[in-house]
Amino acid sequence: MAELGHTVICADIDEKKIEMLKRNEMPIYELGLEELVRKNVKEGRLSFTTDIAMAIQKSDAVFNAVGTPENKQTGQAEMKYVYAVAESFGKNLNGYKVLVNKSTVPVGTADKVAEIVRATSDGKNEFDIVSNPEFLREGAAIKDFLNPDRVAVGVSSDRARALMEKIYRPLARSGRPVLFTDVRSAEIIKYASNAFLATKISFINEIANFCEVAGGNVKEVAKGMGYDSRIGSRFLSAGIGYGGSCFPKDVKALIQTGKQYGQDFRILQAVDEVNDDQKLRPVTFLQKQFPSLEGKKIAVWGLSFKPRTDDIREAPALLIIKALVKMGANIVAFDPVAMDNTKQELEGVKIKYVTSSHEALKGADALIIMTEWDEFRTAEYATIKDLMKGNVIIDGRNILDRKEAEEAGFVYYGIGA
Ligand code: UDX
């Protein structure tokens, strides 16, 4: 937003995070983020504070971007942080403002948020609630924000629409579609988009599993499908399932919201189940290769749920590692950026972390590639062979070539490839 020319005050109750940002230390990893923040702070458009009241009072639009993590008991999105922001907004409403929901929230949230604002404000000032979901991919958020496929904005008044048009004018001027809808449609667009992409992934994963039993190579199949412009080639990479902070939780949350409205999302139920099973395919394969995994040394390449991020939330790697450790395997793991997060998350789980992909291979009986980091794509088979004791490669992201791997003497398992 600052890069678009707006004055942005980032407010959070997390003092540690704000202090870090003030020191120009990024709380998440993304290439180019630090430079972008530094530049906009220097040019006076971007600041960080824990003074929530000041941040709200000084602003025309307040973007609510707090987390809505999955409530593990109900499968629903946890809304308490969103409601807390609504309360702060109400208490500090000192003129007309809009509260923009950026967080991924179930349909109908804008109405609930409006009630909270009405109840907590003094009633002297008008306000609008806007739904403006984000479609940013982790690791590519800057690019996705500045060059979006579309911006969806749900509004319920002309006044709110005019303000949001002004905010997104720089993107509209550069030819990006800024779509105005009613509030509920915008709320649904977000879930429908993520659920559709997750469906695409589970679909191609089932086709991959079918290729394994019926013959064929899912990479060729996906290519052949993708040329059809109605299908499109993106999000057709088969593998060990989707992870991250969005797809798993959003699919589950939409299923739950559906239930509240008496709607049974049968497709999404299957998407979720297919994804759960998909993550365990490397384990099933290893069990076939080794009668017992007790004492087997397994090298793991990649821990994050996808490359170019240190995020390990719902990463298939974690589940697979935990299953293998339980079976007595010795795990030696390497990831370019996600090892610290994994150490924290899997505290107490016996994993050896090493500082290079080669080191992980030393004496390993098998290698599992969990994340498609670029440096794994260019691995030399001869070097892998020299370092490993065994010859099993499980390519969970289909980044190597079966023929080449087999010619180099490996037992290769790709996901339908
Ligand atoms: C996703 C959406 O893309 C984004 O629009 C939304 O705002 C947030 O959720 P993100 O979670 O950052 O973004 O990751 P994404 O790149 O979409 O990948 C999600 C998961 O799907 C990863 O685990 C990835 O490995 C997997 N994936 C993706 C596949 O298995 N196959 C594919 O073809 C694409």
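Computed from a predicted model, the values in this text were never measured in an experiment.

Among the nonpolar cores identified, the biggest contains 63 residues, and L286, I298, W301, L324 and L367 are the most heavily contacted of them. The element that contributes the greatest number of residues to this core is helix α13 (residues 316–326), accounting for six residues. Of all hydrophobic cores here, the second largest spans 29 residues; its members include V62, V82, F89 and Y242.

This part takes up the sheet that holds strand β12 (residues 392–395). Pairing between the strands of a sheet comes from backbone hydrogen bonds, and it takes one of two forms, parallel or antiparallel. Within the open sheet, the six strands sit side by side as β10-β9-β8-β11-β12-β13. Their pairing is parallel. Single-partner strands in this sheet number two, and they are β10 (351–353) and β13 (411–414). Averaged over all neighbouring strand pairs, the angle between strand axes comes to 20°, with direction disregarded. Sheet topology note: the strand β9 (residues 330–334)/β10 ladder contains three bridges and is parallel. Bridging from a neighbouring strand, I331 pairs with I351 of β10.

Negative charge collects at one region of the surface, where E206, E273, D276 and D277 lie side by side. Per-element accounting of the negative patch gives the leading share, three residues, to helix α11 (residues 266–279). Judged by relative accessible area, E206 falls into the partly exposed class, the value being 48%.

Reported here for the second largest pocket is a volume of approximately 250 Å³. Residue lining of the second largest pocket: 16 residues in total, with P106, V107, K112, T257 and Q260 positioned closest to the centre. When contributions to the lining of the second largest pocket are tallied by element, the ones reaching two or more residues are α5 (109–120), α8 (183–214) and α10 (247–260). If you tally residues by element for the lining of the second largest pocket, the top one is α10, at four residues. Among the residues making up the lining of the second largest pocket, the classes are represented as eight nonpolar, six polar and two charged.

Criteria and thresholds
- Residues numbered from 1 in each chain as written.
- Predicted model: local features only at pLDDT ≥ 70, side-chain atom pairs only at ≥ 80, totals over all residues.
- Heavy atoms only, no water.
- Core = buried A, V, L, I, M, F, W, Y, C linked by side-chain atoms within 4.5 Å.
- Buried < 20%, exposed > 50% of the residue type's maximum accessible area, 1.4 Å probe, protein only.
- Helix = DSSP H or I, 4+ residues; strand = E, 2+ residues; numbered from the N terminus.
- Pairing = 2+ DSSP bridges.
- Axes fitted to C-alpha atoms, helices over the stretch in contact; angles between N-to-C directions.
- Patch = residues over 30% accessible without salt bridge, like charges linked within 9 Å, V, L, I, M, F, W, Y side chains within 5 Å.
- Areas by Shrake-Rupley, 256 points an atom, 1.4 Å probe, with all protein chains shown as cover.
- Salt bridge = Lys/Arg side-chain N within 4 Å of Asp/Glu carboxyl O.
- Lys, Arg positive; Asp, Glu negative; His and termini not counted.
- Charge placed at Lys NZ, Arg CZ, Asp CG, Glu CD.
- 1 Å grid on protein atoms, 1.4 Å probe; cavity = no way out; pocket = protein on both sides within 12 Å on 5 of 7 lines; lining within 4 Å.
- Points joined across faces, edges and corners; volume = space filled by probe spheres on them.
- Nonpolar A, V, L, I, M, F, W, Y, C, P; charged D, E, K, R; others polar.

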